[in-house]
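The residues making up each chain are set out below.
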Amino acid sequence: MTITTQSLISTFTPHHTFNHHHHHRRHHQLKPPLKPRAQLSLTTPQPPTSQPTPTTTGVIVIGAGLSGLAAAVRLHADNIPFLLLEATDAVGGRVRTDTVDGFLLDRGFQIFITGYPEARKLLDYKTLDLQKFYSGAKVYYGGRFHTVADPLRHFSDAIQSLTNPIGSVFDKSLIALTRVRVLTQSDEQLLSGEETSTISLLKRIGFSDSIVDRFFRPFFGGIFFDRELETTSRLFDFIFKCLALGDNTLPAKGISAIPEQLAAKLPSNSIILNSPVASVDNSDSIYTVKLKNGEVLRSEYGVIVAVEEPEAVKLLAGELNMNNFCNEIKQPVRSTVCIYFSAERSQVPVDDPVLFINGSGRGIVNNMFFATNVAPSYGPPGKALVSVSLIGLYEDESDEDLRVRVVEELSSWFGPDVTGSWMYLKTYRVRFAQPNQCPPTDLRKNPKVGNGLYACGDYRTSATFDGALVSGREAAEALLKDRSLVRAS
């Protein structure tokens, strides 16, 4: 899962039709910086022999994913002029949704956890129309499904599941104790405390091999895209706490509703789409950003780089004397494949909005669910949307090969009469779904990487939606503090 944990819909506004961001109209009406400078349209024709004329603003934010949007929202709160540059045709970064044949397809399986603390402060959950998953999972093991349920939300289900083979009664008591442990610590304590790998933590707590292999590997492995559970225990503890405090959900209009809501908070024309950046240069503390189309922008106060880690490393490769920024990307990065099918709603074997996870230790499917059971708006009337997630890229196999293998494997779960009627929709291969956050980690990195230069993203904090939001805000606040631009309280 991209709880990237990740997630997700009633009517859908196509990404290219922001009614407040007409990106075809590229003249930018900005509040003037403190030192007045001329503001020029990026599309002002240049004399054939002249250099591109710089356009000046207060802050340039590169990348309109969650962290870049959060940085822009924070700058806007202090009335700081800025431009938010996005290389693609819509905001969101990895948090995007496509419409295919009337279905809403998130680009990789993503779940939004309502317990995220930063998200609670920044987002309007009611407007997102969040649709809840069942608080637990159905585990495929031994040729049948077994329920794992949150006892505080589904008490009777939890009692009935005490004796199932997905761990012992003692294991389930350890889950309760782990819940108490994380709830009695602050987020700061969890993200900066003693760390080991998640698998080492689970063994140290005393969980049996059966619950580790049948539940934790597919469930948290799906969250981290890491079935070996080598990811830092800090991230496990933080997500475990968020899961205890909130629900797994999908926004009714798709996962893209989250970045779109943030973008709606920003001034008209402050977001420039289809504008990939070629380089960032610093001269006398004035940063110049050159776009790949040759246009040049200048920043009075600084630049915030809010692109995913591989792109950030490429973009900043020429910058010397950077602090708190590592040009070495920890390998392997976390990848996933998400395959979508359509079906007749009448032929879906369950009605529950539940996540199915593979506890068998065999096959390539890690988890799957019927998205329209969670959010009916994910599909047209009478149709169901099937979402299947694999961990890794499977680069040596074609989309068709994977489709065949997935249908064959899930036939053993639900029966060939069910899977035989599924119609293939689309495959997403997400090479960089998350950064690798194996120990040792620093999940509280200083966003300042140079004089007037700041970096943010989930690779700078926790690899979650919340981490991206926190990182963007903190980058903006670091810039504001350095430039003494923070609004007086």
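Higher on the page you've got the structure.
Residues numbered from 1 in each chain as written. Predicted model: local features only at pLDDT ≥ 70, side-chain atom pairs only at ≥ 80, totals over all residues. Heavy atoms only, no water.

(A) Up close: the packing of aromatic side chains. The final tally for this structure, using the stated rule, is 30 aromatic pairs. Aromatic side chains Phe-133 and Phe-369 sit 5.1 Å apart centroid to centroid with 40° between the ring planes, which places their arrangement in the tilted category. Of this pair, Phe-133 sits in the loop between β6 (130-132) and β7 (136-141) while Phe-369 sits in strand β16 (residues 367-370); the two residues are 236 residues apart in sequence, bridging distant segments of the chain. Like Phe-133, the residue Phe-369 is buried in the burial classification. Site record: aromatic cluster; members linked through ring pairs are Tyr-140, Phe-145, Phe-341, Phe-356, Phe-370, Trp-413, Phe-414, Trp-422 and Tyr-424. (Phe/Tyr/Trp six-rings, centres within 6.5 Å; stacked < 30°, edge-to-face > 60°. Helix = DSSP H or I, 4+ residues; strand = E, 2+ residues; numbered from the N terminus. Buried < 20%, exposed > 50% of the residue type's maximum accessible area, 1.4 Å probe, protein only.)

(B) View of helix α15 (residues 465-482). Taking 1.5 Å per residue, 18 residues should reach 26 Å; α15 reaches 26 Å between its end C-alpha atoms and fits that length. The element α15 is extensively covered by neighbouring structure, given that 13 of its 18 residues are classed as buried. In the segment just after α15, Ser-484 is the residue with positive phi, at about 55°. (Expected span 1.5 Å × (residues − 1).)

(C) Region of interest: the sheet that holds strand β17 (residues 383-391). Read across the open sheet, the seven strands follow the order β8-β7-β15-β16-β17-β14-β18; overall the sheet is mixed. Since the sheet does not close on itself, it has two edges, and those belong to β8 (144-149) and β18 (423-434), each with one partner. On average, adjacent strands in this sheet sit at an angle of 25° to one another, irrespective of strand direction. The pairing of β7 with strand β15 (residues 356-358) spans three bridges and is parallel. Across the sheet, Tyr-140 pairs through a bridge with Asn-358, a residue of β15. Lying on the sheet, helix α8 (residues 209-224) is in contact with β7, β8, β14 (334-344), β15, β16, β17 and β18; it crosses β15 at an angle near 110°. In the packing of helix α13 (residues 399-414) onto the sheet, the strands contacted are β7, β8, β14, β15, β16, β17 and β18, and the crossing angle to β14 comes to about 65°. (Pairing = 2+ DSSP bridges. Axes fitted to C-alpha atoms, helices over the stretch in contact; angles between N-to-C directions. Contact = heavy atoms within 4.5 Å.)

(D) Expanded view of the environment of Gly-167. Relative to the helices and strands, Gly-167 is located in the loop between α4 (155-160) and α5 (169-183). Measuring from C-alpha to C-alpha, the distance between Gly-167 and Val-148 comes to 9.7 Å, with 19 residues separating the pair along the chain. Every residue in contact with Gly-167, bar those within four places of it in the chain, is listed here: Leu-162, Lys-172, Ser-208, Ser-210 and Ile-211.

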